[in-house]
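# Structure at a glance
Chain by chain, the residues run as shown.
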Amino acid sequence: MNKSTGKWIIIGLVILLIILHHDVWNWDDKEPVFGFMPMALLWQAGISLGAGATWFLATKIAWPEFEVDEAPATEVAAAQEGGE
Amino acid sequence: MTQLVIISIYLCLLLGLGLFSSKLFRGTSKDYMLASHSIGPFMLLMSLFGTTMTAFALVGSTGESFKEGAGVYGLLASSSGIIHSLCFFVLGVKLWSLGHKYGYTTQIQFFRDRLESDKIGVILFPILVGLVIPYLLIGVMASGSVINSITEGAFETAFANYDYGVPPWLASLVICIVVLIYVFFGGMRGTAMANTAQTMVFMVLGLITFFIISNKLGGLEQATKNVLEKNPTKMMRAIDPADNDKYETAYAKWENVAFYNYAVRNGKLKLSEEQMAQANEEFKAPLPPFLKVDRAPAAYAKKNNLLDNLTVIEQNRALLEQDDRIAPESDEKLGELLSHKELQHYPRQPGADNAGMEKFKDKIGNPRDSKNWTLKKARGVYRASKWAPDAPRGMNPWKFLTYFFVPLSVGMFPHLFQHWLTAKSADSFKLAVVAHPIFIMLVWVPCVLLGVWMTSATLPGTNTALIPPHFPPNAVLAAAVKALTSPFVGGLLTAGILAAIMSSLDSQFLCVGTMFTTDIVTHYSKKDRFSDKQLIVIARAFIVAIVALTYLFSLFEPRRVFTLGVWCFSGFSSLFPLIFASLYWRRLTKAGAYAAVIAAGVTWLCLFADSDFAANPHYDFLGLMPVATMITLATAAMIIVSLMTKPPSEETLNKFFPKAN
């Protein structure tokens, strides 16, 4: 899979997370899950886990590549801080 | 006293860590500000997480869920899990790459270069430092309030005005000094090491305390069952009809007490001794004497229609006085009976609850004796017994949706920018991007659950509310820990809370010093004017000045940590379009950037003033979070002005948008 396809998959998953985050269907659900967890909290904790999974996937299929050694890191520092 | 000893030991350990990290200090300003780009994945994750999770995450989230219920997690925590990592991924990695390539230390260096504008620094510097100050204020205020609450009764006779605990002003001062010392000794490396250690401390101690407290409340299920029975609205984001009915009954009774007190004060009613005796006999509710004193005759007066002679204007004045609000001089707007919501539009008299200290002076004393009340309790009981009951509040779905804009602030936090640049390589970001949402969950879920449970928890073996209504939200966590754990555990958790607070303060301290030396001092002075050592001294002097200013602000009337945090984050978020466009939109121009900054600044100031400078925690604009308006206007101004002005030079475009091979 190329990086471009990977990026689109991650964008799609982030949009899905944002939609699922707005869980209006749970708005008036007061019954606890597992006997203690408010649904409003459990669902959103699930969103956090989903975010972790999405970002894990992002590091595998959409991570950018940089050529970091192509220029010295002191260009601006030398100009603005009087050199090192 | 045990808590105070543990806190003191923890602070000493932290100073030791600062001294140790100073041994690794290479003596250059670059090492002081960026740890010579040497921070690996684990320390980057811990320092980024520790920096973003502050008093706001522990003290603020518990207090806010106590007031607003379980929906608070969705407001900021889950959205932060998505948005923070998005910012690390989309902005952090790219900015790290540019910083590494062109030697940036601060955001302003990057903006000056990208926007081909020297003056952008002049406008951005005061805005960024100005927004960091309220962020610092959150930590400084919270540390004072937590230490004071947890050390109540630590002294035999000293500090009686602070419930015989460490005064908040002294606690905040000590915390500022400790953080200043380890930042001064260790620079960025010391900060990153301290953040890593402190993040582990607050996560582990937080989880241990959570389980201890839930056991004290009878277990997870029992703690939640109490909430379902007493405050079901706190379990969801809509209003439970049972809570609404309970509130309406309580409010009607409160109105009647207000009318009775007003009538008595103004000579419109005086019950005879016989009537008073009968009122007390008929009043069956098991209330303490200080509540019965006006509840009983008020119920009697209502039953016998003795309050019918009050006009609507008098009734309104009665409500305003009972709720300690500033009544208007003219009767013009008081022609119709005020609803509770309308009543809340009138500002409350500052420090009105101090009357509780006079009213209950016979009960106040050193809390070492459990029969004695603290000053905080006296003020709390005054508020709960005199002011109108809290109306149950649901969450507006539109406001909930637009809260999503608040975590975008991470993209513009100057201290986070500096942390990004400490990374050893782009790959160092991977762990932070993935683990950040999970870590947020581990910290926020217990805090939000605790806040929700505290709405309905009672002191073990009694029916007395552990935390009364109208309790200051900032003190809920400390009060729960103090009431339900041993002094030893209480001391440890306080160390954990302070760890979370200090792990943000240190980065912010360091960052303001770096910005001042880099963006102002060296930028506007001749080359080689200052040596590296002189620059570090200048940075430290500026840090001390900003910390002193923040400390002075913290001595004024405290605001809710959560509310203040949201305003501060909203300001940074409103600049998010600028950083995003700088990296991904070739057409962004210097004029477009100025337009965005001015639009964001002006909108923030107008809305902040409109919210009575954060005094109104439920402020919205057009039914949305104010940040939505700020971001919309800043984005619109940036796009329109950029398209109307000359594009950046080819040289700049090639530098920041190199063509792919």
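Since we're looking at a predicted model, the values are computed, not measured.

What follows covers the overall build of chain B. Helix and strand counts for chain B come out as 27 helices and 0 strands. For a compact globule of 661 residues, the expected C-alpha radius of gyration is about 26 Å, and chain B comes in at 27 Å, within 12% of that figure. A principal-axis box enclosing the C-alpha atoms of chain B has dimensions of 95 × 55 × 45 Å. When burial is assessed residue by residue, chain B has 60% of its 661 residues classed as buried. At a minimum sequence separation of 6, the contacts of chain B that also span at least 24 residues come to 81%. Put simply, chain B shows about 25,600 Å² of open surface, and 63% of that area lies on carbon and sulfur atoms. Mean positive and mean negative side-chain charge positions of chain B (58 and 47 charges, respectively) differ by 9 Å.

All right, on to the overall build of chain A then. Along its length, chain A carries 3 helices and 2 strands. The helix and strand sequence of chain A, counted from the amino end, reads α-β-β-α-α. Within chain A, the proportion of its 84 residues that are buried is 42%. Residue pairs in contact within chain A that sit at least 24 positions apart in sequence constitute 61% of those at least 6 positions apart. A total accessible area of about 4,400 Å² is found for chain A, and carbon and sulfur atoms account for 66% of it.

Let's shift gears to the domain arrangement of chain B. All names here are of chain B. Per the domain assignment, the segments making up chain B are domain 1 (2-224 + 392-656) and domain 2 (241-376). Placing a centre on the C-alpha atoms of domain 1 and another on those of domain 2 gives a separation of 41 Å. With both sides pooled, the region where domain 1 packs onto domain 2 buries about 980 Å², and carbon together with sulfur makes up 50% of that total. Connecting domain 1 to domain 2 are 3 salt bridges. In this structure, K376 and E152 form a salt bridge, with 2.8 Å as the shortest nitrogen-oxygen distance. At the boundary of domain 1 and domain 2, one finds 9 residue pairs in polar contact (both at pLDDT 80 or more). Across the side of domain 1 that touches domain 2, the residue classes tally to 6 nonpolar, 4 polar and 3 charged.

Next up on the list: empty space enclosed by the protein. All names here are of chain B. According to the stated counting rule, one finds 6 cavities of 30 Å³ or more in the structure shown. In this structure, the largest cavity spans a volume of roughly 160 Å³. L58, F202, G206, L207 and C447 are the residues nearest the centre of the largest cavity, which is lined by 16 residues in total. Elements with a minimum of two residues in the lining of the largest cavity: α8 (168-216), α19 (429-454) and α21 (487-522). Residue contributions to the lining of the largest cavity peak at 6 residues, all from α8.

Moving on, we come to the pattern of salt bridges. Residues and elements named next belong to chain B. Evaluation of the coordinates by the stated rule reveals 21 salt bridges over all chains. R295 is the partner of D294 in a salt bridge, and the nearest nitrogen-oxygen pair spans 3.2 Å. Here D353 and R383 are joined by a salt bridge, their closest N and O atoms 2.3 Å apart. Taken together, the residues D353 in the loop between α14 (340-343) and α15 (355-359) and R383 in helix α16 (residues 375-386) connect sequence positions 30 residues apart. Take D353 and R383: they sit in the same class, and that class is buried. Shared partners join several salt bridges into a network, and the residues in it are E152, D163 and K376.

Attention now moves to the interface of chain B and chain A. Contact with chain B, which involves 60 residues of that partner, is made by 52 residues of chain A. When the buried area of chain B at its contact with chain A is split by residue, B:I82, B:F89 and B:R237 rank highest and sum to 14% of it. Applying the counting rule to chain B against chain A returns 2 salt bridges. Across the pair A:D23 and B:R237 runs a salt bridge whose closest N-O atoms are separated by 2.7 Å. If you list the elements that add at least two residues to the side of chain B that touches chain A, you get α2 (29-34), α5 (72-102), α6 (107-114), α9 (220-230), α17 (397-402), α19 and α21 of chain B. When its residues are assigned to classes, the side of chain B that touches chain A shows 30 nonpolar, 18 polar and 12 charged.

Before going further, it helps to spend a moment on a nonpolar patch on the surface. Residues and elements named next belong to chain B. A grouping of L19, L173, I177, I181 and F185 is seen on the molecular surface, where their side chains present a nonpolar patch of about 390 Å² in accessible area. Looking at which element gives the most residues to the nonpolar patch, the answer is α8, with 4 residues. Its location among the elements puts F185 in helix α8. Taking the relative accessible area as the measure of exposure, F185 reaches 39% and is therefore partly exposed.

So, about the environment of B:R587. Residues and elements named next belong to chain B. Along the chain, R587 falls in the loop between α24 (576-584) and α25 (590-610). Sequence separation between R587 and M515 is 72 residues, and the spatial gap between their C-alpha atoms is 27 Å. Excluding anything up to four places from it in sequence, R587 contacts S642, L643, T645, K646, P647 and P648. A distance of 2.9 Å separates a polar atom in the side chain of R587 from the backbone oxygen of T645.

Reading the values: rules and limits
- Residues numbered from 1 in each chain as written.
- Chains lettered and ligands numbered in written order.
- Predicted model: local features only at pLDDT ≥ 70, side-chain atom pairs only at ≥ 80, totals over all residues.
- Heavy atoms only, no water.
- Helix = DSSP H or I, 4+ residues; strand = E, 2+ residues; numbered from the N terminus.
- Rg over C-alpha atoms; globule rule 2.2 N^0.38 Å.
- Buried < 20%, exposed > 50% of the residue type's maximum accessible area, 1.4 Å probe, protein only.
- Contact = heavy atoms within 4.5 Å.
- Areas by Shrake-Rupley, 256 points an atom, 1.4 Å probe, with all protein chains shown as cover.
- Lys, Arg positive; Asp, Glu negative; His and termini not counted.
- Charge placed at Lys NZ, Arg CZ, Asp CG, Glu CD.
- Domains from an automatic or database assignment.
- Buried area = accessible area lost by both parts, 1.4 Å probe.
- Salt bridge = Lys/Arg side-chain N within 4 Å of Asp/Glu carboxyl O.
- Polar contact = N/O pair within 3.5 Å; in protein donor to acceptor, adjacent residues only side chain to side chain.
- Nonpolar A, V, L, I, M, F, W, Y, C, P; charged D, E, K, R; others polar.
- 1 Å grid on protein atoms, 1.4 Å probe; cavity = no way out; pocket = protein on both sides within 12 Å on 5 of 7 lines; lining within 4 Å.
- Points joined across faces, edges and corners; volume = space filled by probe spheres on them.
- Patch = residues over 30% accessible without salt bridge, like charges linked within 9 Å, V, L, I, M, F, W, Y side chains within 5 Å.

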